[in-house]
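# Architecture and fold: a report
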Amino acid sequence: MADQLEIIGGLLYRVMRILAEVGEASPDELWMRMRASDAGADPGWRRGSGDDPRSAVARKLVLRGAVYLARAGHLSESNRRWQATGIGRDALRASPDEAAWWRDVTEHNTYWREHRSSLGLVDDVLAVLPEQTWVSVTDLSTVADLTVDGLVRHLCGFRPEGWSRVLDPAGRPPREALFTEDEYRDWLDWFEVEVGDLTAGRAAGELRLPLDDLRMLVESIAPERIPRRAWLVRGADRRGRSLARDLWLADEVCSLPGDRLEVRPGVDREQVRRAVDREHASLTSARRGRLTSEYHAFLSRMRENDLVVVNDRDEYYVGEILGPPVFVASVGGVADLQRPVHWRNADEPVNYLDLPDRVAALLGNAEARIVDLSDFVADLDALVPAPAPVASIATTGAAPQSADADLAGQTLAGQALAGQALGGDDLREVTDEFADGLFYSRDWLRRCVELLRDRPQLIFYGPPGTGKTYLARRLAWHLADDRRENVTLVQFHPSYMYEDFFQGFRPVQVKGGDGDAATTNRMSFELVDGPLRRLATAAELNPRQAFFLIIDEINRGDLARIFGELYFLLEYRGEAVTTQYASADTRDFQLPKNLFIIGTMNSADRSIAAFDQALRRRFTFVGLHPDVEPTASVLRRWLAAGDLPDEAARLLGELNRRIDDPDARIGPSYLMRDRVHQSADGLDRVWEHQILPLLAEHHVGETIDLAARYGLPALRQSLGLAAVVPAAVVPAAGVPANTIPGPAAG
């Protein structure tokens, strides 16, 4: 198949070259030209066809392959004549060679196959458009859930009934069509017959079918073909109050702050982008891009019956959108762009831990106010089944009476601190329940929190298996008030840089549509925020919430290169510095006081010795050692909670007693897994394939009887425990079962 597709690609490339030269031709005329061309003798064509390329076999391949060109919008057929479209001509100019051109064709064919149902819906809609009306290409692409480019290519390639009535919002042919003169004349002829005359080259605006009418038309002819979407909408005001709890659930809405956005529902993305650029010019292009996507989704992509998900800390609610967006009056503009919602589980929230893993994985970016969850509509429907049908409500331009009253009259704790960022003194207290769940003492955990209050940067360090990362994440989740999206984890490594961590330029592909090959597909560089900058932005937007950046293996990165001028901010919160990629119109950067950093460091890693001294004095260090509390008793507590014997804890204690180097001792987390204790040889497997290889590396170059010193049989005998005969144990790769060879043994 691959060879045959390759042959078809070569044939079709020559078809397009000929059409680009002659304008249009019938298949027979094309075939005669191809037979007469020197390309017809290309021996490469014979692969797969088994015959001379000028034979009937090759001709069938051309006829069969023409549909590939139509799907990509490169070729159209009318009255049994093939014509190269403007899109096709532009692709020939833009592609440096035949292989690149064919990749472009196959890419768009893949899009066509994946969206054939939506493209079929477009054909059905255009066939029943009201007389003498036209429709915006952006509206039609929104309703059909297609890209504008994918929709236009379909229209240019297949010219379904009504194709000439799909225009840009200004009433002209879509610029993505790249019409040739012949195509423009064809379009003009068809449009004048189906709609009417143009005025100054444009269709009359009053003849445009409104977006809501288009939606109703689609619902009337094929309601089952409208893909349902799902959205996470996240909200909190600058005082840290949860809009979900304090407004949305009570008034059955979801909202965005839209007081500065001079656009109305149903607008296309370009109009939203211009409004965002105008009102938020001081933001980076990446942040303006995110705002554009969010507002466009809320205003135009969301629709009635879509699912919407909101969270209040670790509790999640699922509802159904009941109507279009409306602008209302709200205090401080925190919720003045609203959609009506019926909440399915307002009284029975779903805990984060009960969410499907693939859904939970998308909820980690606290800066994103809207996240597309459409791939998981079935999961959400199953998680919170729909109650009895709820009638759609008609929305008005007036705000619910309770919205302003609730927001203006609330006396929540901390309201007096509006506009002030949460600091270390405001961090959540450690509870007995939380401490018991971690198997750590409450006093020790409270000491860690006090250290964070004194200095908002802390590092857990210790040997492998002491639970440093696990503890950092759990503690951060708790102190972030169970808002998992407020916690971000990154891992340092030798190739990690400032540009990855904070901000840097990244290549992006820019696609235009003006017909110029140099600008249609070109590479550009865009300033992209890294995890620290994104989390800092989220912390600024939500000053009454705590945010945590966890840096795993912090000592494995080149810290001076990663942190750069940010060293200063770690010591002087509230001060500002000019960052490396700052421009003249961006303000200096501050680390918000409500952003805390927790690092982890493996003390067995020799790179710890080179840990940057400048960073040492900016962090507080907390050691986790297997034979020192609280780590020393964690395993015993975990075993007791699961009604398991304490044999594993005794064996680990004896093992660590025999290890001379404290930084090489083994932490309890290796044995704190249910599977280890569910079979008779579970401990043996962990010992043989995880613990002994670590110790073998520690003793490399030494002649030591590994089994006699650290093996389970020797440890059991020393403790007077009954021997266990495990299933056949396979030694770890590269680790001898009994001894570690010395230098003489190689």
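Within the sequence span of helix α31 (residues 712–719), burial applies to L712, A714, L715 and R716. Looking at the buried residues of α31, the elements they touch are α28 (647–658), α29 (682–698) and α30 (706–710). In the stretch just after α31, G720 is the one whose phi turns positive, near 75°.

Another aspect to go through is the packing of aromatic side chains. Summed over the entire model, instances satisfying the criterion amount to 23 aromatic pairs. Residues F492 and F563 carry aromatic rings whose centres are separated by 6.2 Å and whose planes lie at 70° to one another, so their mutual orientation is edge-to-face. In this pair, F492 is assigned in the loop between β15 (487–491) and α21 (498–501) and F563 in helix α24 (residues 559–563), connecting sequence segments 71 residues apart. The class for F563 is buried, based on a relative accessible area of 1%. Centroid distance F548 to F596: 5.2 Å. Interplanar angle 20°. Geometry classified as stacked. Here F596 lies in strand β19 (residues 595–602) and F548 lies in strand β18 (residues 547–552), a separation of 48 residues in the sequence. Each member of the pair, F548 as well as F596, is classed as buried.

Here the focus is the environment of D312. With respect to the helices and strands, the residue D312 is situated in strand β8 (residues 307–312). When its relative accessible area of 8% is taken as the criterion, D312 is described as buried. Aside from chain neighbours lying at most four places away, what touches D312 is S242, A244, R245 and Y317. In terms of polar contacts, D312 uses its side chain to reach the side chain of R245, at 2.9 Å.

Between side chains of opposite charge, a pair can form as their charged atoms come close. Counted according to the given criterion, the structure contains 38 salt bridges. A salt bridge links E485 to R234; the shortest N-O distance between them is 3.7 Å. With E485 in the loop between α20 (468–479) and β15 and R234 in the loop between β6 (230–233) and α12 (243–251), this pair connects stretches of sequence that are 251 residues apart. A relative accessible area of 3% places E485 in the buried class. R453 is the partner of E450 in a salt bridge, and the nearest nitrogen-oxygen pair spans 2.6 Å. Within this pair, E450 and its partner R453 are both found in helix α19 (residues 442–454), separated by 3 residues, close to a single helical turn.

Here we have 3 strands laid out as an open sheet, ordered β1-β3-β2, and antiparallel in their pairing. Two strands close off the open sheet at either side, each with one partner strand: β1 (24–25) and β2 (75–78). Bridging between β1 and strand β3 (residues 81–84) involves 2 bridges; their strand directions are antiparallel. When the bridges of β3 are listed, E24 appears paired with Q83.

This next bit is on the nonpolar core. Of all hydrophobic cores here, the largest spans 57 residues; its most connected members are F460, F548, L655 and L671. Looking at which element gives the most residues to this core, the answer is α29, with 7 residues. For F460, the residues in contact, after removing those within four places along its chain, are W444, C448, K468, L471, A472, L475, I598, G599, T600, M601, V622 and L624.

For the rest of this paragraph, the subject is the pairing of strand β11 (residues 337–343). Each regular strand shows side chains that alternate between the opposite faces of the sheet. In terms of burial, β11 is largely enclosed, as 7 of its 7 residues are buried. Going residue by residue along β11, you find L337, R339, V341 and W343 tucked away on one face and Q338, P340 and H342 tucked away on the opposite face as well. With 4 bridges joining them, strand β7 (residues 253–256) and β11 adopt antiparallel strand pairing. In the strand pairing of β11, L256 is matched with L337. Two strands pair when backbone bridges link them, and strand β9 (residues 315–321) and β11 are joined in this way by 3 bridges, in the antiparallel orientation. Bridge pairing in β11 links I321 to V341.

Once that is clear, we can look at the packing of helix α8 (residues 137–144) against helix α9 (residues 148–158). Contact pair α8 / α9: the axes reach a minimum separation of 9 Å and the direction vectors enclose 105°. The orientation of α8 relative to α9 falls into the category roughly perpendicular. Here V137, T138, L140 and S141 of α8 come into contact with α9, specifically with V148, L151 and V152. Residue composition of the contact of α8 with α9, grouped by class: 5 nonpolar, 2 polar and no charged.

Quick look at the sheet that holds β19 now. Taken in spatial order, the 5 strands make up an open sheet running β15-β18-β19-β14-β20, and their pairing is parallel. Here the strands that pair on one side only, and so sit at the sheet edges, are β15 and β20 (620–623). The mean inter-strand angle of the sheet, taken between neighbouring strand axes irrespective of direction, is 20°. By the bridge criterion, 5 bridges tie β15 to β18 in an arrangement that is parallel. Along β18, the bridge assignment pairs V490 with I551. Running at roughly 135° to strand β14 (residues 457–462), α19 makes contact with β14, β18, β19 and β20 of the sheet. Those strands touched by helix α23 (residues 531–541) are β15, β18 and β19, and its axis lies near 165° from that of β18.

Our focus in this paragraph is the environment of G258. Mapping G258 onto the fold places it in the loop between β7 and α13 (269–279). What makes G258 buried here is its relative accessible area of 3%.

Moving on, we get to the pairing of β9. Of all 7 residues making up β9, 6 are buried, and the element is well covered by its neighbours. As judged from the 6 bridges shared by β8 and β9, these two strands associate in the antiparallel manner. By the bridge assignment, L307 is partnered in β9 with E320. If you look at the hairpin formed by β8 and β9, you'll find 2 residues sitting between the two strands, and R313 has a positive phi there, around 60°.

Our focus in this paragraph is the side chain of R369. With respect to the helices and strands, R369 occurs in the loop between α15 (357–360) and β13 (370–372). Residue classification places R369 among the buried residues on the basis of a relative accessible area of 19%. Leaving out residues up to four positions away in the same chain, R369 has contacts with L232, V233, R234, L256, P257, L291, E294 and Y295.

What counts, and where the lines are drawn
- In this numbering scheme, every chain counts its residues from 1 along its sequence in written order.
- Residues qualify for local features only when their pLDDT is at least 70, as the model is predicted, and side-chain atom pairs are given and counted only at 80 or more; totals for whole chains, interfaces and linings, by contrast, use all residues.
- To obtain the side-chain values, all non-hydrogen atoms of the structure were included, while hydrogens and water were left out.
- For each residue, the accessible area found with a 1.4 Å probe, counting protein chains only, is set against the maximum for its type, and the residue is called buried under 20%, exposed over 50%, and partly exposed in between.
- By the criteria applied, helices consist of DSSP H or I runs no shorter than four residues and strands consist of E runs no shorter than two, each listed in order from the N terminus.
- Contacts were defined at the residue level, with two residues in contact if any of their heavy atoms lie within 4.5 Å.
- Only Phe, Tyr and Trp rings are paired, with Trp represented by its six-membered ring, and only when their centres lie within 6.5 Å; those with planes under 30 degrees apart are stacked, over 60 edge-to-face, the remainder tilted.
- Polar contacts, as used here, are pairs of N or O atoms within 3.5 Å; protein pairs need one atom able to donate a hydrogen and one able to accept it. Residues neighboring in sequence count only if both atoms are side-chain atoms.
- Just to be clear on terms, a salt bridge is a Lys or Arg side-chain nitrogen sitting within 4 Å of an Asp or Glu carboxyl oxygen.
- Pairing between two strands requires that DSSP report at least two bridges joining them.
- Joining through side-chain atoms within 4.5 Å is the link that ties buried Ala, Val, Leu, Ile, Met, Phe, Trp, Tyr and Cys residues into a set, and such a set is a nonpolar core.
- Every axis in this analysis is a line fitted to C-alpha atoms, fitted for helices over the stretch in contact. Angles between the N-to-C directions lie between 0 and 180 degrees.
- Roughly parallel means an angle under 35 degrees; roughly antiparallel means over 145; roughly perpendicular covers 65 to 115; every other angle is labelled oblique.
- Each residue receives one of three labels: charged for Asp, Glu, Lys and Arg, nonpolar for Ala, Val, Leu, Ile, Met, Phe, Trp, Tyr, Cys and Pro, and polar for the others, Gly being one of them.

Distances and angles like these do not, on their own, reveal function.
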